[in-house]
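Examination of the molecular architecture
Here is how the chains run, residue by residue.
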Amino acid sequence: MSEQTDRKPGEDRKPDEDYEHHGGFPVYKPVKGGPDFGRFVEAFRRLQDLAVSTHAPDDVVAQAAAQAEALGDFLEQYTVPEGRSPAGFDTELPGRGSLLMLPWKIEKFDAESVRARGTFRRFHLGGNGAAHGGTLPLLFDDLFGMVIHANRRPIARTAYLHVNYRKITPIETELVVEGRVDRVDGRKAFCAAELCDLEGNVLADCEALMVQLLPGQP
Ligand SMILES: CC(C)(COP(=O)(O)OP(=O)(O)OC[C@H]1O[C@@H](n2cnc3c(N)ncnc32)[C@H](O)[C@@H]1OP(=O)(O)O)[C@@H](O)C(=O)NCCC(=O)NCCS
Ligand SMILES: CCCCCCCCCCCC(=O)O
């Protein structure tokens, strides 16, 4: 039976206490990309945006496909296992250099809250100028991973994520997301976050349960 606590986030444990207890996860460390890695990622993001926003003549599509295939052949030999690529592990880049994550920049990272700023891009379009509904849980889920880390808690798995879509979330518009641990109950960290426009309007909010893993748990 776990103990309910009113301790503030980040005050429930000493720095590094339990911190290496990441279930069955490897202990991740940042992987710094080289001087051109940020440029490399942004070039691919631009291609993602273009791939979903162009309707080029057939011969152009054929040429672009051939160039993309050649680039894939060029890069494939450098494939590395999980945790060894800077993609997703370069903490200085928007979205940590991962093409999957939203390319947002962290502007606050402490036990009180984590705040990030950025835009949903054309790649993230749902319909009628709004971000795809599935991209908001991705933004919140990744934010909560950082919130857990900022609270010096071991890696947790998302048990649930509840998103309230309050207003249309526009693409290509600067927005801010901020989240925190509201309450800790043993292995359970109850988190909350809001996605706002620059006027402070809440576009969506989210509650999630992040469960700390048991030893060896995947
Ligand atoms: C989340 C997960 C680790 C919890 O499994 P577990 O370690 O066996 O833990 P339990 O099922 O005993 O749950 C731990 C606590 O969380 C609670 N809990 C777990 N899932 C819950 C949910 N969806 N809603 C509410 N409470 C939940 C349990 O009731 C329990 O509470 P208690 O300690 O007060 O009894 C497991 O279900 C899992 O791995 N799910 C997949 C997670 C995932 O893939 N997430 C996306 C990628 S991160
Ligand atoms: C040093 C960079 C650390 C990056 C940590 C990535 C953690 C990934 C956890 C996976 C969570 C999920 O599947 O939703």
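Residues numbered from 1 in each chain as written. Chains lettered and ligands numbered in written order. Predicted model: local features only at pLDDT ≥ 70, side-chain atom pairs only at ≥ 80, totals over all residues. Heavy atoms only, no water.

Going by an unreviewed UniProt entry, the protein carries the name Acyl-coenzyme A thioesterase THEM4 and comes from Rhodococcus chondri.

Overview of the site of ligand 2
As a reminder of what qualifies: By convention in these notes, a residue is near a molecule or strand provided one of its non-hydrogen atoms lies within 4 Å of it. Contacts described as polar in this section are N or O atom pairs within 3.5 Å, which, within protein, must combine one atom able to donate a hydrogen with one able to accept it, while residues neighboring in sequence count only if both atoms come from side chains. Here the accessible surface of atoms and residues is derived via Shrake-Rupley with a 1.4 Å probe, and residues count as covered only by protein chains that are part of the display. Put plainly, a pocket is an open set of points on a 1 Å grid over the protein atoms alone with protein on both sides within 12 Å along at least five of seven lines, a cavity is a set where a 1.4 Å probe fits but cannot get out, and a lining residue has an atom within 4 Å of a point. Cavities and pockets are treated as containing a molecule whenever more than half of the molecule's atoms lie within 2 Å of their grid points. Here the nonpolar group is Ala, Val, Leu, Ile, Met, Phe, Trp, Tyr, Cys and Pro; Asp, Glu, Lys and Arg are the charged ones; every other residue, Gly included, is treated as polar.
Near ligand 2 you find Tyr28, Lys29, Pro30, Gly88, Phe89, Arg96, Asp141 and Arg157, and these make up its full shell. Contact distances for ligand 2 include 3.4 Å between an oxygen atom and a side-chain N or O atom of Asp141. Arg157 is positioned such that a nitrogen or oxygen atom in its side chain is 3.5 Å from an oxygen atom of ligand 2. Against a free-state accessible area of 430 Å², the protein chains account for coverage of 61% of ligand 2. Applying the majority rule of atoms within 2 Å of the grid points places ligand 2 in the largest pocket. Along the lines of polarity and charge, the residues of the shell around ligand 2 split into 3 nonpolar, 1 polar and 4 charged.

Topic: the nonpolar core
Inclusion rule: The criterion is simple. A nonpolar core is a set of buried Ala, Val, Leu, Ile, Met, Phe, Trp, Tyr and Cys residues joined through side-chain atoms within 4.5 Å. Only protein chains enter the accessibility calculation, which uses a 1.4 Å probe. A residue is then buried if its area is under 20% of the maximum for its type, exposed if over 50%, and partly exposed in between. Runs of H or I in DSSP of at least four residues are treated as helices and runs of E of at least two as strands, each being numbered from the N terminus. Contact definition: two residues touch when any of their heavy atoms are within 4.5 Å.
Of all hydrophobic cores here, the largest spans 31 residues; its most connected members are Trp104, Phe120, Phe140, Phe144 and Leu195. Those elements that place two or more of their residues in this core are β3 (114-118), α3 (135-150), β4 (156-165), β5 (175-185), β6 (188-197) and β7 (202-212). It is α3 that provides the largest number of residues to this core, a total of 9 residues. Ignoring anything within four residues of it in the chain, the contact list for Phe140 reads Leu161, Val163, Val177, Ala193, Glu194, Leu195, Ala204, Asp205 and Cys206.

Remarks on the site of ligand 1
As a structural note, the neighbourhood of ligand 1 is formed by Arg157, Thr158, Ala159, Tyr160, Arg187, Lys188, Leu209, Val211, Leu213 and Gln217. With respect to ligand 1, the side chain of Gln217 contributes an N or O atom lying 2.6 Å from an oxygen atom. Coverage of ligand 1 by the protein amounts to 46% of the 940 Å² it exposes when considered alone. Of all the elements in the fold, those that place two or more residues in the shell around ligand 1 are β4 and β7. Its residues assigned to classes, the shell around ligand 1 comprises 5 nonpolar, 2 polar and 3 charged.

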